[in-house]
Amino acid sequence: MIVKETSLKDCKVIEPAVYGDQRGKFVVAFDSLAFAKALPQSNPFIVINESTSTYGVIRGLHLQKGDAAQAKLVRCVQGEILDVAVDFRVDSPTYLKHFAIKLSAENNKQLYVPRGFLHGFSVLSSTAIVNYQIDNTYQPETELAVRYDDPQLAIDWQIPEKDVVLSEKDSAAPYLSQL
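The sections below set out a description of the structure shown in this document. These figures come from a predicted structure and were not determined experimentally.

Reading guide: rules and limits
Residues numbered from 1 in each chain as written. Predicted model: local features only at pLDDT ≥ 70, side-chain atom pairs only at ≥ 80, totals over all residues. Heavy atoms only, no water. Helix = DSSP H or I, 4+ residues; strand = E, 2+ residues; numbered from the N terminus. Rg over C-alpha atoms; globule rule 2.2 N^0.38 Å. Buried < 20%, exposed > 50% of the residue type's maximum accessible area, 1.4 Å probe, protein only. Contact = heavy atoms within 4.5 Å. Areas by Shrake-Rupley, 256 points an atom, 1.4 Å probe, with all protein chains shown as cover. Lys, Arg positive; Asp, Glu negative; His and termini not counted. Charge placed at Lys NZ, Arg CZ, Asp CG, Glu CD. Phe/Tyr/Trp six-rings, centres within 6.5 Å; stacked < 30°, edge-to-face > 60°. Pairing = 2+ DSSP bridges. Axes fitted to C-alpha atoms, helices over the stretch in contact; angles between N-to-C directions. Salt bridge = Lys/Arg side-chain N within 4 Å of Asp/Glu carboxyl O. Core = buried A, V, L, I, M, F, W, Y, C linked by side-chain atoms within 4.5 Å.

## Here's the deal with the overall build of the protein
Within the protein, the secondary structure is distributed over two helices and 13 strands. For 179 residues, the compact-globule estimate of 2.2 N^0.38 gives 16 Å, and the protein sits close to it at 16 Å. With the C-alpha coordinates of the protein rotated into their principal frame, the extents come out at 50 × 35 × 30 Å. A buried classification covers 47% of the 179 residues belonging to the protein. Sequence-distant contacts in the protein: of pairs separated by 6 or more residues, those separated by 24 or more amount to 79%. Per element, the accessible surface of the protein, about 9,200 Å² overall, is 52% carbon and sulfur. When the 18 basic and 22 acidic side-chain charges of the protein are each reduced to a single mean position, those positions are 4 Å apart.

Written as structure tokens, this is what we have:
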């Protein structure tokens, strides 16, 4: 496992061990001991979620507040996504800055999104399956959502506006200026 820094404090790109031969590939998707050694400040993951989406879907931007805050380890197991993390920690030197990376079944990369970060992704392929390991349970009353197209964040989701597909919840999310 290789851990790479991003432009955001505490947010990391994880490159798992991948072994390939004529049969295909074998990926060590997660090794709890290696992960804890590489990111000793992290909490153990206790929930695994998986979503299936079609081209143009944007999920996010979301976070859990307070004691319900969640760190995530995100990987795309089918297709390709643009995964986005926004530092929402007021005391951080990278507050309101974002980092985006393409995650795919081909590149095997993962994104570690710490607690206190907004998170979302857009689907760049015809379909995508995304796996998230999370270190805290979901508590809907603590959720915060921000509009994906907030001008303060200026995120390029790499999807033409005419193709964007949102949930009702994400369509109704406020802009930062409304919080």
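## Side note on the packing of aromatic side chains
Following the criterion strictly, the structure yields seven aromatic pairs and no others. Geometrically, the ring pair formed by Phe35 and Tyr112 is edge-to-face, given 5.7 Å between the ring centres and 65° between the ring planes. Taken as a pair, Phe35 in helix H1 (residues 32-38) and Tyr112 in strand E10 (residues 110-113) lie far apart in primary sequence, 77 residues in all. The class of Tyr112 is buried, set by a relative accessible area of 5%. Where Tyr148 meets Trp157, the ring centres are 6.5 Å apart and the plane angle is 65°; that geometry is what we call edge-to-face.

## Regarding the sheet that holds strand E6 (residues 58-64)
What links the strands of a sheet is backbone hydrogen bonding, and the strands pair in either a parallel or an antiparallel sense. Pairing in this open sheet of five strands is antiparallel, and the strands run E9-E8-E11-E6-E13 from one edge to the other. Among the strands making up the open sheet, the edge pair consists of strand E9 (98-104) and strand E13 (143-145). Taken over all neighbouring pairs, the strand axes of this sheet differ in orientation by 25° on average, direction set aside. Inspection of the sheet shows E6 paired to strand E11 (residues 117-123) by four bridges, in the antiparallel sense. Among the inter-strand pairings, His62 is bridged to a residue of E11, identified as His119.

## Things to note about the pattern of salt bridges
Under the counting rule described, the total for this entry stands at 10 salt bridges. Notably, a salt bridge pairs Asp10 with Arg89, separated by 2.7 Å at the nearest N-O pair. Of this pair, Asp10 sits in the loop between strand E1 (2-5) and strand E2 (12-15) while Arg89 sits in the loop between strand E8 (80-87) and E9, and the two are 79 residues apart along the sequence. For Asp10, a relative accessible area of 25% translates into the label partly exposed. Here Asp163 makes a salt bridge to Lys162, at a shortest N to O gap of 3.2 Å. Using a relative accessible area of 22% as the deciding quantity, one classes Asp163 as partly exposed.

## Looking at the sheet that holds strand E5 (residues 47-54)
If you trace the six strands from one edge of the open sheet to the other, you get E1-E2-E10-E7-E12-E5, paired in antiparallel fashion. Here the strands that pair on one side only, and so sit at the sheet edges, are E1 and E5. Across this sheet, the average inter-strand angle for adjacent strands is 25°, counted without regard to direction. Bridge count for E2 against E10 is three bridges, and the pairing is antiparallel.

## Quick notes on the pairing of E6
Across the seven residues that make up E6, a large majority, six, are buried. Summarising the sheet, E6 and E13 pair through three bridges and their orientation is antiparallel. Considered in E13, the bridge of Gln64 is made with Glu143.

## As for the nonpolar core
Soluble globular proteins tend to pack their nonpolar side chains together in the buried interior. Membership of the largest hydrophobic core comes to 20 residues, with the highest contact counts inside it found for Ile81, Ala85, Leu103 and Leu111. At the level of secondary structure, the elements contributing two or more residues to this core comprise strand E7 (72-78), E8, E9, E10, E11 and strand E12 (127-134). If one sorts the elements of this core by residue count, E12 sits on top with four residues. Contacts of Leu111, omitting those with residues within four sequence positions, involve Thr6, Cys11, Lys12, Val13, Lys72, Leu73, Val74, Asp83, Ala85, Phe99, Ile101 and Leu103. With 17 residues, the next largest nonpolar core counts Ile58, Leu63, Val86 and Leu124 among its residues.

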